[in-house]
Amino acid sequence: MLNIAIFGSGSGSNYQAIAEAIEAGTLDARIACVLSDVEDAFILERARRLGHPAIHLDCAPFKTKLDGEAEARAIELIREHDGDFVALAGFMRIVKPGLLNAFAGRIINIHPSLLPNFPGLEAGKQALEAGVAETGCTVHFVDAGIDTGAVIIQRKVSVLPGDTEETLMNRIHEQEHLAYPEALRKIASGEI
Ligand code: GRF
């Protein structure tokens, strides 16, 4: 069984989708703990409500990466909670080799585009500006690059006439909530 440590910085709707799949018995996994670099992020509130360990991880002095003492603390916390797998769910920091090596091949992420298209920030805006007819979401293994690891699963979303960044991102989010549990199911079942 996967013992998943979730890392997030924001709302945590993907974490909730994973937790609901576990609760519904469609994903054979356990949430070990939920870590956030943002003390008042809603993901921690969701975790408290769902009864999972909700932990604020102070990542100072770094602003955009998880490194140094915070990285060491993160590894320690995952192990303390018997976590053996990491799911990044809206975690807005770059993961460095310390964590990557501690959980080699066992860290995944979700990104709101069909990678390799539109990596990095504001993927919905990038898609609208590029004028593509289709975008979507990708669950992928995490490597040292930004949104570059091997793809596990993708779900497509059509760009509709009149779409704003908000309407498009809302539809991408709906697909993300299906894609993340589906990707974890493939890993939990040994399919990949
Ligand atoms: C998602 O769009 C995900 O693709 C991106 O950050 C967002 C997180 O949303 N990496 P949530 O916090 O899971 O609601």
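Just above, that's the structure.
Our subject in this report is the structure included herewith. (Residues numbered from 1 in each chain as written. Predicted model: local features only at pLDDT ≥ 70, side-chain atom pairs only at ≥ 80, totals over all residues. Heavy atoms only, no water.)

### Side note on the overall build of the protein
Inclusion rule: Counting from the N terminus, the helices are the DSSP runs of H or I reaching at least four residues and the strands are the DSSP runs of E reaching at least two. For this measure, only C-alpha atoms enter the radius of gyration; the expected value for a globule follows 2.2 Å times N^0.38, where N is the number of residues. Only protein chains enter the accessibility calculation, which uses a 1.4 Å probe; a residue is then buried when its area is under 20% of its type maximum, exposed when over 50%, and partly exposed in between. It only takes one pair of heavy atoms within 4.5 Å for two residues to be counted as in contact. The sign given to each residue is positive for Lys and Arg and negative for Asp and Glu; His and the chain ends receive no count. Each charge is placed at NZ for Lys, CZ for Arg, CG for Asp and CD for Glu.
Scanning the protein for helices and strands turns up 6 helices and 9 strands. The globule rule puts the C-alpha radius of gyration for 192 residues at 16 Å, and the 16 Å found for the protein is close to it. Based on the C-alpha atoms only, the size of the protein along its principal axes is roughly 50 × 40 × 30 Å. The proportion of buried residues among the 192 residues of the protein is 47%. Once local pairs closer than 6 in sequence are excluded, the contacts in the protein between residues at least 24 apart make up 64%. Positive and negative side-chain charges in the protein, numbering 17 and 27 respectively, have mean positions lying 1 Å apart.

### Quick word on the sheet that holds strand 5 (residues 85-88)
Quick note on the threshold: At least two DSSP bridges between two strands are required for those strands to pair. All axes are obtained by fitting lines to C-alpha atoms, using only the stretch in contact for helices, and the reported angles, taken between N-to-C directions, cover 0 to 180 degrees.
The 7 strands are arranged 3-2-1-5-7-8-9 in an open sheet whose pairing can be described as mixed. Two strands in the sheet have a free side with no partner beyond their single neighbour: strand 3 (54-56) and strand 9 (151-158). Taken over all neighbouring pairs, the strand axes of this sheet differ in orientation by 20° on average, direction set aside. Where strand 8 (residues 134-141) lies against strand 9, 7 bridges are found, and the strand directions are antiparallel. Paired with T138 across the strands is Q154, a residue of strand 9. Lying over the sheet, helix 3 (residues 68-80) contacts strand 1 (2-8), strand 2 (29-36), strand 3 and strand 5, oriented at roughly 150° with respect to strand 2.

### As for helix 1 (residues 13-23)
Burial in helix 1 covers these residues: S13, N14, Y15, A17, I18, A19 and A21. Each element contacted by the buried residues of helix 1 is listed here: strand 1, strand 2, helix 2 (42-50), strand 7 (107-111) and helix 6 (165-188). Where helix 1 terminates, the next one or two residues include G25, which has phi positive at roughly 80°.

### Concerning the side chain of R46
For clarity, the cut-off: Definition used for salt bridges: Asp or Glu carboxyl oxygen within 4 Å of a side-chain nitrogen of Lys or Arg. The term polar contact refers here to a pair of N or O atoms within 3.5 Å; inside protein, the definition further demands a hydrogen-donor-capable atom paired with an acceptor-capable atom, and it admits residues adjacent in sequence only when both atoms are side-chain atoms.
On the secondary structure map, R46 appears in helix 2. No salt bridge is formed by the buried R46; the nearest opposite charge belongs to E20, separated by 6.8 Å. Reaching out from R46, the side chain makes a polar contact with the backbone oxygen of S11 at a distance of 2.5 Å.

### Comments concerning the packing of helix 1 against helix 6
Which entries qualify depends on this criterion: Just so you know how the angles are binned, under 35 degrees is roughly parallel, over 145 roughly antiparallel, 65 to 115 roughly perpendicular, and the rest oblique. Each helix crossing is assigned a hand: it is left-handed if the near helix lies turned anticlockwise from the far helix by less than a right angle, otherwise right-handed if that turn is clockwise. When residues are sorted by character, Ala, Val, Leu, Ile, Met, Phe, Trp, Tyr, Cys and Pro go into the nonpolar class, Asp, Glu, Lys and Arg into the charged class, and all the rest, Gly among them, into the polar class.
Helix 6 packs onto helix 1 with a crossing angle of 50° between their chain directions and a minimal axis gap of 9 Å. The angle between helix 1 and helix 6 falls in the class oblique. In the crossing of helix 1 with helix 6, the sense of the turn from one axis to the other is right-handed. Across the interface between the two elements, S13, N14, A17, I18 and A21 of helix 1 pack against H173, E176, H177, Y180, P181, L184 and R185 of helix 6. For the contact of helix 1 with helix 6, the per-class residue count stands at 6 nonpolar, 4 polar and 2 charged.

### With respect to the environment of N14
If you trace the backbone, N14 turns up in helix 1. If near-sequence neighbours (up to four positions away) are discounted, N14 is found in contact with A89, I110, H173, E176, H177 and Y180. Among the polar contacts made by the side chain of N14, one reaches the side chain of E176 at a distance of 3.2 Å.

### Looking at the pairing of strand 7
When you tally the buried positions in strand 7, you get 5 out of 5 residues, the bulk of the element. Neither face of strand 7 is left uncovered, since the one carrying I107, N109 and H111 and the one carrying I108 and I110 both have all their residues buried. Both strand 7 and strand 8 contribute to a ladder of 4 bridges, which runs antiparallel. Bridging from a neighbouring strand, N109 pairs with H140 of strand 8.

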